[in-house]
Structure formats: structure tokens, C-alpha cells
Amino acid sequence: VTGSPGGDMQWCFSQVKGAIDDDVAEADIISTVEFNHTGELLATGDKGGRVVIFQQEIENKNQPQFRSEYNVYSTFQSHEPEFDYLKSLEIEEKINKIRWLPQKNAAQFLLSTNDKTIKLWKISERDKRPEGYNLKEEDGRYKDPNTITSLRVPVLKPMDLMVEASPRRVFANAHTYHINSVSVNSDNETYLSADDLRINLWHLEITDRSFNIVDIKPANMEELTEVITAAEFHPHQCNTFVYSSSKGTIRLCDMRVSALCDKHSKLFEEPEDPSNRSFFSEIISSISDVKFSHNGRYMMTRDYLSVKIWDLNMETRPVETYQVHEYLRSKLCSLYENDCIFDKFECCWNGNDSVVMTGSYNNFFRMFDRGHRRDVTLEASRENSKPMQVLKPRKVCTGGKRKKDEISVDSLDFNKKILHTAWHPQDNIIAVATTNNLYIFQDKVN
Amino acid sequence: MEVNIEARRILAVSISKLYASRTQRGGLRLHRSLLLSLVMRSARDIYHSSRESEVLSGAQSAPEEPMDTSSSPGEQTRLPEPQPEPQPVLNSTETAPGEPDNTEDGCDSEIIEDKENLSPAKQSRKRRGKASAAPDFLPSKRARLEPGEERYEVPLGSCRAGESLTTLSLNRVIPAF
């Protein structure tokens with residue numbers, strides 16, 4: 001059920017989660033957003049180390065125009081701040097990534113990670129409790145055994161739904177540098193974690209060891225020229241993964257070739273346009289996110305100014321390039337001074353790989369329809385948050401006369417950035433995270 | 001000439017960011033440090049090559065220009081780092097005050113002049129280690145050495161020392177881990 005976002009489809013506000021307060025508490029800053037494989041659950045992680053999971057309510061068949069809402073399902077503290085005594089360093093509790101495991105039984109599992117430690121969380125429901133113990137009263141007090149004259153089988157009685165989150169595995173002490181990615185393998189048994197210089201392969205059941213599969217640390221750190229910025233397993237081929245670098249390259253590795261995948265099978269790189277060279281060319285070519293398409297034939301990369309789609313069979317250049325906010329190219333020096341140039345934007349595919357989405361500044365986010373060659377800029381703001389309000393496309397004026405409803409580049413608020421977005425795997429429902437709010441939009445159904 | 005001034009400014013901003021990142025929560029970020037060092041290297045190369053051509057042509061370097069104060073995205077967000085300060089080497093041929101920085105609002109702008117001619121009262125006596133401490137290339141406090149690092153001794157009052165200091169800072173960024 002996916003159409004094109006440009007002409008026929010319109011996006012409507014559905015819900016917004018989070019404080020209305022303009023004064024943002026640092027712990028509430030959203031740092032990751034992820035739908036599970038069915039889209040029924042939506043998880044967010046924040047700088048305070050908390051995970052909040054929303055669940056989609058069962059669709060109201062009587063009112064098909066109102067797609068079901070997402071309500072809080074579970075909240076838990078995933079990571080706490082820690083201190084590395086050896087290096088005298090504080091380890092932030094900020095959740096860098098959440099990845100869901102495909103569901104195997106009644107419980108849900110997800111991996112959440114901060115800079116150093118990955119945890120496997122089990123989220124399970126309890127809606128029944130046993131009643132009628134032989135040795136205990138209902139309030140828990142033990143009965144005098146002499147008063148028991150007969151045996152009965154305890155009965156399960158319904159109770160108010162309780163959702164419990166418990167840490168089932170803790171994968172620690174495997175990363176010297178800061179973890180930027182985790183990715184679950186399609187074999188459902190292993191996963192990878194990547195930091196600036198190394199990628200490790202784990203088995204979900206085994207916490208006391210991991211295999212190092214990529215190591216780009218030079219013998220002499222003074223010779224360091226690039227770091228790993230993101231990594232992901234192929235959605236179907238359990239032997240294949242990719243990792244992106246700060247130099248704008250992507251390497252595809254095949255784990256069957258050798259135990260250590262330092263040597264890539266494919267290297268994806270686009271030669272730099274010499275006319276665009278500046279002090280900041282290296283920073284803006286650094287890839288901040290890499291995502292395989294659902295069908296596994298393409299991958300998408302995000303650098304500071306653009307989104308690129310690569311065909312896995314062509315290493316020389318991307319098959320498509322979309323400019324997210326090209327008007328910022330002339331402002332790079334200011335963006336360097338205010339640190340915005342270091343912002344790491346993520347990107348995502350829709351369910352059938354026909355549309356890609358990424359965030360920008362001023363709480364704008366962009367969608368690119370690959371098939372129809374259309375793009376749109378939308379805004380996540382409280383002003384446009386009436387139920388089912390249709391979002392009006394926004395436009396940034398790049399020079400010359402500013403038309404009505406356009407916003408000039410100099411008026412953009414660079415404090416309001418959308419770094420994290422997620423698209424429901426099957427439906428046209430998107431989750432867009434502003435600094436501390438989560439917006440849910442859906443397409444207008446007729 | 002404009003490129004020269006731009007390069008200097010970028011260099012100053014980069015160095016202050018580098019020093020600020022040492023006190024950041026979560027420790028030094030390798031990726032960020034790498035990117036900063038790449039920018040600094042470009043800026044330094046351009047600065048030095050343009051200075052060489054200046055020296056060769058015998059021209060005076062341009063008088064200090066105030067920072068660009070036209071409305072820019074930077075004004076809307078606070079600079080999280082301390083004031084960028086010109087290094088001593090940049091001002092070695094001039095006695096004019098250092099560039100006032102107007103991109104920060106709400107912070108006092110520190111004006112550091114040529115260290116040789118500075119009156120004692122104006123010299124910064126701040127202890128290093130605070131986030132607001134000024135980047136100071138003349139080591140007033142000895143930094144803790146990382147394993148494998150060597151201590152570089154810089155003679156006080158040497159204008160040209162700045163060159164090797166810049167080299168020092170770029171090469172030493174990464175092994176700080």
C-alpha cells in the first residue's frame with residue numbers, strides 16, 4: 001500500500017510524542033528511531049539512555065480513514081552513564097542505535113547500544129497471573145502447612161497488561177572506540193557492531209567473545225586517514241555486509257572470502273567534483289549513514305549535502321544522487337563554526353524501495369520519489385499538528401526574490417534538526433524525530 | 001589575501017574546537033578529531049603557502065579585519081566552544097589587537113595580543129583544564145603525556161615556533177587516544 005509522495009499522495013499529521021516545552025532537557029534528546037519488522041512497534045532511544053517503545057493499536061475497522069495510533073507500550077532505562085577508570089573517561093549513556101530482531105515467539109527482542117556496550121532486551125507481556133497457590137495466601141504470606149487439607153491446581157486469571165523489559169544479554173568490552181552501528185544478520189543468529197576503526201561479529205547467545213572482522217587501525221595512529229562511520233548486513237545474504245567511511249567510500253565485504261575482511265570485495269566511490277573543492281570538502285563527503293534497500297539490490301548513503309543510491313553491481317558512481325539542501329554549500333564556513341557541519345543525518349527507504357527520506361534543518365525533512373523523479377520538503381512542527389492536518393510542502397528560497405510562503409536560507413533555524421527518521425516497513429506511516437519530539441505522519445487515505 | 005585571512009580564521013576556530021573536545025563528555029571523538037585535523041591541515045597549508053608568497057613579493061600582510069558579522073546561520077546557535085583565538089604566530093608581525101569574534105553572543109571576547117609585548121596584567125593566568133580555558137600554545141602547564149608521545153620544548157618568545165606548534169598539534173591529535 002504505497003504510492004508516490006509527490007503528486008497523488010499527501011502526508012497528514014497523526015501524532016506527536018514528547019514535551020511541548022521549548023526548553024529541551026538534554027536527556028530527552030532523541031538519538032535513534034526504529035520500527036520493528038512488522039511496523040507494529042516503534043522504538044526510540046534518547047540521550048538519557050532510555051528506550052521508549054510505542055505500539056500500534058489494532059485498527060479500528062469502523063473508521064478506516066483513521067489509521068491506528070501509536071501509544072506507549074514500554075519504557076525502560078537501557079544504559080546508565082559509566083566511568084572508564086583506566087582512561088579517566090566518562091561513557092555516555094546515550095543510545096546510539098536500536099535494532100529489532102525478527103519475532104520468533106511471543107516476546108520481542110531488540111539490541112540497543114551506547115558508545116561501548118550492546119544489550120539485548122527482551123520485551124514480554126504478562127496479562128495473566130496464577131491464583132490459588134496451595135502454600136501461599138493471595139497476598140503472599142505463607143500458610144500454616146497444618147491448615148492445608150487439600151491440593152488444588154493454581155489457575156491463571158487475567159490481569160491488567162504488564163509489559164516487562166529485561167536485559168537478556170550484555171555484550172561489553174569489545175570496543176575501544178565509539179560504537180556507531182549495530183546490524184542484525186539475516187541468519188538471525190549473529191550481528192555486527194562497528195566502531196570508528198573496527199567491526200566485530202557476535203553471536204546473539206554468546207557474550208564473552210566476538211570475532212573481529214574488520215580492522216582499519218593503522219600501526220601508527222599518526223597515519224590515520226579515515227574512520228568507519230556506519231555498517232550494515234545485507235538483508236538477504238548473510239555473508240555480505242557494507243561499511244562506509246569518513247572519506248565517502250563504501251566497502252562491501254564477503255565473510256566467506258577470509259576471516260578478516262580488511263580487503264573489500266567491492267569499493268564504491270565517486271570521484272570528487274574538483275569545482276566543489278573547499279576547506280570542508282572532506283567533512284561534507286563523510287558518509288553519515290548507509291542503508292540497504294529492502295530488496296537488497298541497492299544501498300543508499302547520506303553525506304552532509306546529499307543522498308546517493310548505489311547499485312551493488314556498479315562501484316564507479318551512484319545511480320542516483322539527490323540534493324538535500326544544496327543551498328548550504330555556500331554556508332559551510334558558518335556551519336563549521338557552529339558545529340552543524342558535523343551533524344550526522346540518517347536516511348531510510350520506504351517499504352517497496354520507491355521513495356527515500358532524510359532530514360534537514362528547520363525541522364524540515366525531505367522525500368525523494370525515485371520512480372517519478374519528484375521530491376518534496378515537509379516540516380514537523382507543532383503549528384501543523386491538528387489531527388489529520390495535511391502537510392503543506394515547504395520551499396527554501398535560495399536567492400533573489402523570496403516568494404510568499406518561502407523561507408530564506410538565513411532564516412533557517414539550525415538548532416532544529418531532524419537527524420533520525422523511520423518508515424513503516426509496509427505502510428505509509430513515518431516517524432520523524434525533532435530534537436525531543438517524535439512526530440508520526442501518515443498518508444491521507446482518500 | 002582573503003583566502004589567507006579565511007585560512008587563519010578557520011585554523012583558529014579548529015584549534016579551539018580541538019581543545020574544547022578534550023573536555024567533552026564521552027571522551028575524544030576520533031571521527032570528529034580526524035575531520036578537524038583535516039580542515040586544519042588544509043587551512044594551514046593554504047595559510048603558509050600564501051604567507052610564503054607574501055614574503056617573496058615583499059608585501060605587508062593585510063591589516064586585521066573584523067570577523068564577518070553578516071547574518072549567518074552561526075548567529076542562531078551558540079558556539080559551544082570557547083572563543084577562537086589567534087595564535088601568537090599569526091600576530092607576530094603586528095601589534096594590533098587580535099580579531100574580535102562576533103559570532104558568539106553572551107560570552108566575553110578575549111583579545112590576545114602578541115605574547116612578547118603583552119603586559120603582565122593582561123596575560124591569561126587561567127588554569128588549563130577548564131572548558132573555558134584559552135588555547136595556549138606556550139605550555140604554561142605541562143600536559144599529561146600519552147604513551148609514546150614525546151615532549152616538545154618550545155623556546156619562549158620564538159615567533160617561528162608557531163609553525164612547528166601547528167605541526168605538533170596536527171600530528172598529535174590522533175595519537176592522543
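Residues numbered from 1 in each chain as written. Chains lettered and ligands numbered in written order. Predicted model: local features only at pLDDT ≥ 70, side-chain atom pairs only at ≥ 80, totals over all residues. Heavy atoms only, no water.

Novice: Looking at this model, I keep getting lost on the side chain of Asn114 of chain A. Mind explaining?
Specialist: Residue and element names in this part refer to chain A. The residue Asn114 is located in the loop between β9 (108–113) and β10 (118–131) in this model. Its relative accessible area of 0% is what places Asn114 among the buried residues. For Asn114, the contacting residues outside a window of four places in its chain are His79, Ile91, Glu92, Glu93, Lys94, Asn96 and Ile179. (Helix = DSSP H or I, 4+ residues; strand = E, 2+ residues; numbered from the N terminus. Buried < 20%, exposed > 50% of the residue type's maximum accessible area, 1.4 Å probe, protein only. Contact = heavy atoms within 4.5 Å.)

Novice: Is there a simple way to explain the pairing of strand β27 (residues 374–379) of chain A in this structure?
Specialist: When a strand is regular, its side chains alternate between the sheet's two faces. Residues and elements named next belong to chain A. Pairing of strand β26 (residues 364–369) with β27, which is carried by six bridges, proceeds in the antiparallel orientation. Residue pairing in the sheet places Met367 in a bridge with Val376 of β27. A loop of four residues connects β26 with β27, the two strands running antiparallel in sequence, and Arg373 in this loop sits at a positive phi of about 50°. (Pairing = 2+ DSSP bridges.)

Novice: Can you help me understand helix α1 (residues 2–21) of chain B in this one?
Specialist: Because each turn of an α-helix spans 3.6 residues, side chains separated by three or four positions in sequence point in the same direction. In this model, α1 of chain B (20 residues) spans 28 Å end to end at C-alpha, consistent with the 28 Å of a helix rising 1.5 Å per residue. For α1 of chain B, the tally of buried residues reaches 16 of 20 residues, placing the bulk of the element in the interior. (Expected span 1.5 Å × (residues − 1).)

Novice: In this structure, what is going on with the interface of chain A and chain B? I would like to understand it.
Specialist: When the parts of a complex come together, some accessible area is lost, and that lost area is often used as the size of the interface. On the chain B side, the residues contacting the 39 residues of chain A number 38 residues. In total, chain A and chain B occlude about 3500 Å² of area from one another, counting both sides; carbon and sulfur atoms represent 59% of this. If you sort the residues of chain A by the area they bury against chain B, Phe279, Tyr336 and Glu337 of chain A come out on top, with a joint share of 22%. Across the contact surface, chain A and chain B share seven salt bridges. Between Asp339 of chain A and Lys17 of chain B there is a salt bridge, with its nearest N and O atoms 2.7 Å apart. Among the elements of the structure, β7 (89–91), α1 (281–285) and α2 (332–337) of chain A are those that each provide at least two residues to the side of chain A that touches chain B. The greatest single-element share of the side of chain A that touches chain B, amounting to five residues, is contributed by α2 of chain A. Tallied by class, residues from the side of chain A that touches chain B come to 16 nonpolar, nine polar and 14 charged. (Buried area = accessible area lost by both parts, 1.4 Å probe. Salt bridge = Lys/Arg side-chain N within 4 Å of Asp/Glu carboxyl O. Nonpolar A, V, L, I, M, F, W, Y, C, P; charged D, E, K, R; others polar.)

Novice: Quick question: what am I supposed to make of the pattern of salt bridges here?
Specialist: Residues and elements named next belong to chain A. Under the counting rule described, the total for this entry stands at 37 salt bridges over all chains. Note that Glu131 is salt-bridged to Arg129, the shortest N-O span being 3.5 Å. For Arg129, a relative accessible area of 40% translates into the label partly exposed. Notably, a salt bridge pairs Arg366 with Asp375, separated by 2.8 Å at the nearest N-O pair. Take Arg366: its relative accessible area is 10%, and that puts it in the buried class. Taken together, the shared-partner salt bridges connect Asp28, Asp46 and Arg50 into one network.

Novice: I keep staring at the environment of Lys47 of chain A and nothing clicks. Help me out?
Specialist: Residues and elements named next belong to chain A. Mapping Lys47 onto the fold places it in the loop between β3 (41–46) and β4 (50–56). With relative accessibility at 22%, the residue Lys47 sits in the partly exposed group. Taking the C-alpha atoms as reference points, Lys47 and Asn180, 133 residues apart in sequence, are found 14 Å from one another. Apart from residues no more than four positions distant in its own chain, Lys47 is found in contact with Glu26, Ala27, Ile29, Ser31, Glu92, Glu93 and Lys94.

Novice: Looking at this model, I keep getting lost on the confidence of the model for chain B. Mind explaining?
Specialist: Predicted coordinates in regions of low pLDDT should not be interpreted in detail. Residues and elements named next belong to chain B. Residue-level pLDDT values for chain B average 57, and 32% of them are 70 or greater. For chain B, helix α3 (residues 161–173) is the element with the lowest average pLDDT, namely 45, and α1 is the one with the highest, namely 89. Scored below 50 in pLDDT, residues 61–124 makes 123 contacts in the model with residues more than four places away or belonging to other chains. Every residue in residues 126–136 scores below 50 in pLDDT, and together they form 21 contacts with partners more than four places removed in sequence or on other chains. Predicted as a complex, the structure gets a pTM of 0.79 and an ipTM equal to 0.89. (pLDDT = per-residue confidence, 0-100.)

Novice: How should the packing of aromatic side chains be read in this particular structure?
Specialist: Aromatic ring pairs are described here by two measures, namely the spacing of the ring centres and the angle between the planes. With the rule as written, the count across this model stands at 21 aromatic pairs over all chains. Between Phe13 of chain A and Tyr439 of chain A the ring centres are 6.4 Å apart and the planes differ by 75°, which places this aromatic pair in the edge-to-face class. Taken as a pair, Phe13 of chain A in strand β1 (residues 11–17) and Tyr439 of chain A in strand β32 (residues 438–443) lie far apart in primary sequence, 426 residues in all. A network of ring pairs unites the aromatic residues Phe13, Phe365, Tyr439 and Phe441 of chain A as a single cluster. When the ring centre of Phe342 of chain A is taken as reference, the NZ or CZ atom of Arg32 of chain B above it lies at 4.6 Å. (Phe/Tyr/Trp six-rings, centres within 6.5 Å; stacked < 30°, edge-to-face > 60°. Lys NZ or Arg CZ within 6 Å of the ring centre and 35° of its normal.)

Novice: Hey, could you run me through the side chain of His234 of chain A in this one?
Specialist: Summarising the element assignment, His234 of chain A is placed in the loop between β16 (228–233) and β17 (240–245). A polar side-chain atom of His234 of chain A sits 3.0 Å from the main-chain amide nitrogen of His236 of chain A. (Polar contact = N/O pair within 3.5 Å; in protein donor to acceptor, adjacent residues only side chain to side chain.)

Novice: How do you make sense of the sheet that holds β17 of chain A when you look at a structure like this?
Specialist: Pairing between the strands of a sheet is mediated by backbone hydrogen bonds and can be parallel or antiparallel. All names here are of chain A. Taken in spatial order, the four strands line up as β16-β17-β18-β19 in an open sheet, and their pairing is antiparallel. Strands at the two margins of the open sheet, each flanked by one partner only, are β16 and β19 (266–268). Across the sheet, the mean angle separating the axes of adjacent strands is 20° when strand polarity is ignored. Note: strand β18 (residues 250–254) against β19, three bridges, orientation antiparallel. Counterpart to Arg251 in the pairing with β19 is Leu267. (Axes fitted to C-alpha atoms, helices over the stretch in contact; angles between N-to-C directions.)

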